[in-house]
Amino acid sequence: MEKIKLILLCCFSLFLTNVSATVRLPHLFSDHMVMQRDQPVKIWGWADKNETIEVVFGSQSKKVKADKNGNWALSLDKMAFGGPYSMQIKGRSNHITLKDIYVGDVWLCSGQSNMEMPVHGWSSVDNYQEEIKNADYPLIRTFNVTKGMDAQPRNDCEGMWMVCSPDQVADFSAVAYFFARKLNLELNIPIGIINSSWGGTEIESWITPDAYKALPARFNDKYEAVDMADFDSFLKENEINKGLYQKAMDHDPGVKEEWYNPSTDVSLWEKMLLPQVWENVLGNVDGIVWFRRTFTLPKEDSGKDTVIQLGPIDDDDETWLNGVKIGESKGYAINRIYEVPSELLKEGENTIVVKISDYSGGGGMYGNADDMYIKTAKGRYSLAGEWLYKSSVTNKAFNYVTVSPNMLYGLLYNAMIHPFISFPIQGVIWYQGESNVGYAYDYRTLFPAMINSWRSKWGRELPFYWVQLANYMAKDVKPQRSEWAELREAQTMTLILPQTGQAVITDIG
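Residues numbered from 1 in each chain as written. Predicted model: local features only at pLDDT ≥ 70, side-chain atom pairs only at ≥ 80, totals over all residues. Heavy atoms only, no water.

**Concerning the overall build of the protein chain**
Quick reminder of the rule: Strands are runs of DSSP state E lasting at least two residues, helices are runs of H or I lasting at least four, and both sets are numbered from the N terminus onward. Partly exposed describes any residue whose relative accessible area lies between the buried limit of under 20% and the exposed limit of over 50%, with all areas from a 1.4 Å probe on protein chains only and scaled to the type maximum. Two residues qualify as a contact provided that any one of their heavy atoms is within 4.5 Å of a heavy atom in the partner residue.
Check the secondary structure of the protein chain and you find twelve helices and 24 strands. When the backbone C-alpha atoms are referred to their principal axes, the protein chain occupies close to 95 × 75 × 45 Å. A buried classification covers 50% of the 509 residues belonging to the protein chain. Partitioning the intrachain contacts of the protein chain with sequence separation of at least 6 by distance along the chain shows that 75% fall at a separation of at least 24.

Rendered as structure tokens:
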């Protein structure tokens, strides 16, 4: 019996050894990939400890032994552009074949929504149906990095290489695609684009953690509530707090206590000038906040059908007049226009109450003062100005933070840039800045810091080109301070770094 147990144990151990010995590669190394020309190309992966791995590519054959942790890496000699090629990766117990590989120029394409927007988006590409139909460029390939964030540098990320064709190009970054197409047509070489972008993200999340921590103390003070060293513990505790917060959101005490009733005691309510995002007063707060305002109508306006307009509200609202609900809407970009039955309005004092639920980002009534009014058959009365407000449920009260790439520096670099720093590239194109206009002056420090931190990781002075902020929003009639202009200035000042370039687009609409 003991002999049988020993035999079974040996067989099981042999099975585990064979499983652990499987050679693996990062997702970046796959069919249809493009490798950088005229530079040694590092190939790496994982295997059993001390296992010998052989990589065969064209006329090159290289061998390396994995270290005690199973990590291995080797470099192929630099090559001229060309292809298609195949690559063989041979381990002790498995053999990987990669097909349809080209050697050309590889560009990292990163930033926020303007880089992320795909070719199929009507808002990003004119005549996009025609562009997709004509996108037959098999020497252009993209690797779309799956979104992720991490407090620690990752050694791999999800994604796959796709060949440019009418069937595939719709999911390419539009900016990256047109950039690659121009290069392909002018240079007549294969072009690979690594699209690592995420809409609405701040530049801090793209900076390497070590470079960010080296910045002046005021930059680090922004994140004093979150500790990267204990990020995993924070996430676990935050998830518990999230459950309590969401439960409170579903059982709003303001509804239970009927804060919409005109007789509600408002002696402890505070004052806020509207319109404006409530972050200007409350700080970075999400949740439910109630607003209340009284207005007086003359006798000739009472008893008549009326329209109340509040402008856009971020995110959802429920609105009452004299204790009766007159409407509700969901969505931060919707202009709130509610019709009021004639019997609700009365001569003298009337009370309007608005419950606002905000789930992330800015919150409150944030439109223009001219958009907030009551229109009767006889007149129009502004609702802009001083309102009373009271917080009902807030994430701050539950010590809950919405988990996003902007909650801590370096999260996107760790998950979406660091996996490639051993992979040679030709350069970087960048399209970001809208999310940093709120503190545009800091971009003078942050943008060069990011560029230099990436160059440090790649170990060379990578060419780095970016798009200056677009001429978004209405034109100012009179000259005034503009954070958008200030951030554009910060971008332009970054041209002092060598091997940089800027595309100015304020003339294209």
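What follows continues from the structure just given.
**Points about the packing of aromatic side chains**
Put simply, the rule is: For Phe, Tyr and Trp, rings pair up if their centres lie within 6.5 Å, where Trp contributes its six-membered ring, and each pair is then called stacked (planes under 30 degrees apart), edge-to-face (over 60) or tilted (otherwise). A ring is considered to have a charge above it if a Lys NZ or an Arg CZ atom is located within 6 Å of its centre and within 35 degrees of its normal.
Applying the stated criterion to the full structure yields 27 aromatic pairs. Taken together, the aromatic side chains of Trp206, Trp430, Tyr443, Phe447, Trp454, Phe464 and Trp466 make up a single cluster linked through ring pairs. The ring of Tyr373 carries Arg380 above its face, with NZ or CZ at 3.7 Å from the centroid.

**A look at the pairing of strand E10 (residues 191-197)**
Operational definition: Strand pairing is assigned whenever DSSP detects at least two bridges linking the two strands.
In terms of burial, E10 is a largely internal element, seven of the seven residues being buried. As judged from the seven bridges shared by strand E7 (residues 95-111) and E10, these two strands associate in the parallel manner. Directly across from Leu108, in E10, lies its bridge partner Ile194. Pairing geometry for strand E8 (residues 137-144) and E10, over five bridges, is parallel. Paired with Thr142 across the strands is Ile193, a residue of E10.

**Regarding the pattern of salt bridges**
Going by this rule: The rule for a salt bridge is simple: a side-chain nitrogen of Lys or Arg has to be within 4 Å of a carboxyl oxygen of Asp or Glu.
With the rule as written, the count across this model stands at 20 salt bridges. Lys355 is paired through a salt bridge with Asp252; the nearest N and O atoms lie 3.4 Å apart. With a gap of 103 residues between them, Lys355 in strand E17 (residues 348-358) and Asp252 in the loop between helix H7 (231-250) and helix H8 (253-256) connect regions that are remote in the sequence. Among the residues examined, Lys355 registers a relative accessible area of 8% and is labelled buried. Overall, the relative accessible area of 5% leaves Asp252 in the buried class. Ionic pairing is found between Arg444 and Glu489, a salt bridge with its closest N-O pair at 2.9 Å. Linking Arg444 in helix H11 (residues 443-458) with Glu489 in helix H12 (residues 483-493), this pair joins segments that are 45 residues apart in sequence. Salt bridges sharing common partners tie together Asp252, Glu318, Lys325, Glu328 and Lys355.

**Points about H11**
Put simply, the rule reads: In this analysis, the expected span of each helix is defined as 1.5 Å times one less than the number of residues it contains.
With 16 residues, H11 ought to run about 22 Å at 1.5 Å a step, and its terminal C-alpha atoms sit 22 Å apart, in line with that. For H11, the full list of buried residues reads Tyr443, Leu446, Phe447, Pro448, Ala449, Met450, Ile451, Ser453, Trp454, Arg455 and Trp458.

**Considerations on the sheet that holds strand E14 (residues 316-321)**
As a reminder, the rule being used: Angles here are taken between N-to-C directions and fall from 0 to 180 degrees, while the axes themselves are lines fitted to C-alpha atoms, restricted in helices to the stretch in contact.
Ordered in space as E11-E21-E12-E17-E14-E15, the six strands form an open sheet in which the pairing is antiparallel. Of all the strands in the sheet, the pair left with one neighbour each is strand E11 (270-274) and strand E15 (324-329). Averaged over all pairs of adjacent strands, the angle between strand axes in this sheet comes to 30°, irrespective of strand direction. Two elements, E11 and strand E21 (residues 385-394), share five bridges in a ladder whose sense is antiparallel. Its bridge partner lying in E21, Leu274 is registered against Gly385.

**Side note on H12**
Cut-off, in case you're wondering: N or O atoms closer than or at 3.5 Å make up a polar contact, with two conditions inside protein: a donor-capable atom paired with an acceptor-capable one, and, for residues adjacent in sequence, both atoms drawn from side chains.
Restricting attention to buried positions, one finds in H12 the residues Trp484, Glu486, Leu487, Arg488, Ala490 and Gln491. Where H12 is buried, its residues contact H11, strand E23 (464-467) and strand E24 (500-503). A side-chain oxygen of the first residue of H12 lies 3.3 Å from the backbone nitrogen of Trp484; this N-cap is Ser482.

**Describing the environment of Ser391**
Position of Ser391 among the secondary structure elements: in strand E21. What makes Ser391 partly exposed here is its relative accessible area of 32%.

**A short note on the confidence of the model for the protein chain**
Heads up, the rule is: pLDDT gives the predictor's per-residue confidence on a scale running from 0 to 100.
For the protein chain, per-residue confidence averages 91 on the pLDDT scale, and 95% of positions sit at 70 or higher. A low-confidence stretch, residues 5-19 (pLDDT under 50), is modelled with two contacts involving residues beyond four sequence positions or located in other chains.

**Regarding the environment of Ser165**
Structurally, Ser165 is set in the loop between strand E9 (161-164) and helix H4 (174-187). Sequence separation of Ser165 and Gly427 is 262 residues, and the distance between their C-alpha atoms is 24 Å.

**Quick notes on the packing of H11 against H12**
Short version of the rule: The cut-offs work like this: below 35 degrees is roughly parallel, past 145 is roughly antiparallel, 65 to 115 is roughly perpendicular, and the gaps in between are oblique. Each crossing is labelled by how the near helix is turned from the far one, with a counterclockwise turn of less than a right angle marking it left-handed and a clockwise turn marking it right-handed. Three residue categories are used. Nonpolar comprises Ala, Val, Leu, Ile, Met, Phe, Trp, Tyr, Cys and Pro, charged comprises Asp, Glu, Lys and Arg, and polar comprises the others, including Gly.
Running from N to C, H11 and H12 point in directions that differ by 40°, and their axes come no closer than 9 Å. In terms of axis orientation, H11 runs oblique to H12. Between H11 and H12 lies a crossing whose hand is right-handed. When H11 is examined against H12, the residues Tyr443, Arg444 and Phe447 are found in contact with a partner set consisting of Leu487, Glu489, Ala490, Gln491 and Met493. Counted by class, the contact of H11 with H12 contains five nonpolar, one polar and two charged residues.

**Side note on the nonpolar core**
Note the threshold: Buried residues of nine kinds, namely Ala, Val, Leu, Ile, Met, Phe, Trp, Tyr and Cys, make up a nonpolar core once their side-chain atoms join them within 4.5 Å.
Counting 80 residues, the largest nonpolar core has Met35, Trp72, Phe423 and Trp454 as the members making the most contacts within it. When residues in this core are grouped by element, the largest group, eight residues, is from H11.

**Digging into the environment of Pro419**
Looking at the secondary structure, you find Pro419 in the loop between helix H10 (411-417) and strand E22 (427-431). Along the chain, Pro419 and Pro153 lie 266 residues apart, while their C-alpha atoms are 7.7 Å from each other. Every residue in contact with Pro419, bar those within four places of it in the chain, is listed here: Trp44, Arg154, Asn155, Asp156, Cys157, Tyr413 and Asn414.

**Here we look at the pairing of E23**
Our working rule: Place the viewer so that the strands point away; then a crossover is right-handed whenever the path from the first strand over the helix to the second strand goes clockwise.
Of the pairings in the sheet, the one linking E22 to E23 comprises three bridges and is parallel in character. In the sheet register, Ile429 faces E23, and the bridge partner there is Tyr465. Crossover E22 to E23 through H11 is right-handed. Here E23 pairs with E24 via four bridges, running parallel. Across the sheet, residue Val467 finds its bridge partner in E24, namely Ala503. Tracing the backbone out of E23, into H12 and back to the parallel element E24 gives a crossover that is right-handed.

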